Amino acid sequence: MAAKRKKTPAECVAAIVTASMAVRSMTARQLADLVGVHYQTVYNDLKDPNKMTMYRMWLYFTALDVPIDKGLEAFADSFARSLVVQ
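Being a predicted model, the structure only gives us computed values, none of them experimental. (Residues numbered from 1 in each chain as written. Predicted model: local features only at pLDDT ≥ 70, side-chain atom pairs only at ≥ 80, totals over all residues. Heavy atoms only, no water.)

Q: Tell me what's going on with the side chain of Asp45, and back it up with residues and numbers.
A: For Asp45, the location among the structural elements is in helix α3 (residues 39-47). The class of Asp45 is buried, set by a relative accessible area of 3%. Those residues within four positions of Asp45 in sequence are excluded, and the remaining contacts are Met52, Arg56 and Tyr60. (Helix = DSSP H or I, 4+ residues; strand = E, 2+ residues; numbered from the N terminus. Buried < 20%, exposed > 50% of the residue type's maximum accessible area, 1.4 Å probe, protein only. Contact = heavy atoms within 4.5 Å.)

Shown next, in the form of structure tokens:
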């Protein structure tokens, strides 16, 4: 049995964007119109998320009202704790 490949952070982001779009019954074209990019850009970002820019990631999160700040706070706290020498 082959080992399951771990998702990249970008692939996780694309999954969040895709799920948020589904919850809101939003198409890629609608998201593109909302954030002011060409619809092909959204399709490409979701097809190959490892090429998605951070700028567009934040645009998508903001447009979809994804509460990412709580996740970032938890990450920053965890990271800071890992730096503390015990």
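Q: Just give me the short version of the packing of aromatic side chains, but keep the residues and values in it.
A: Applying the stated criterion to the full structure yields three aromatic pairs. Both rings, one in Tyr39 and one in Tyr43, keep their centres 5.6 Å apart while their planes meet at 90°; by these two values the pair is edge-to-face. Residue Tyr39 and its partner Tyr43 are located together in helix α3, separated by four residues, close to a single helical turn. Under the relative-accessibility criterion, Tyr39 is labelled partly exposed at 27%. Assessed through its relative accessible area of 38%, Tyr43 is described here as partly exposed. Arranged with centres 6.3 Å apart and planes meeting at 15°, the rings of Phe75 and Phe79 form a pair that is stacked. With Phe75 and Phe79 both in helix α5 (residues 68-83) and four residues apart, the pair spans about one turn of that helix. Look at Phe75 and you get exposed, because its relative accessible area is 56%. (Phe/Tyr/Trp six-rings, centres within 6.5 Å; stacked < 30°, edge-to-face > 60°.)

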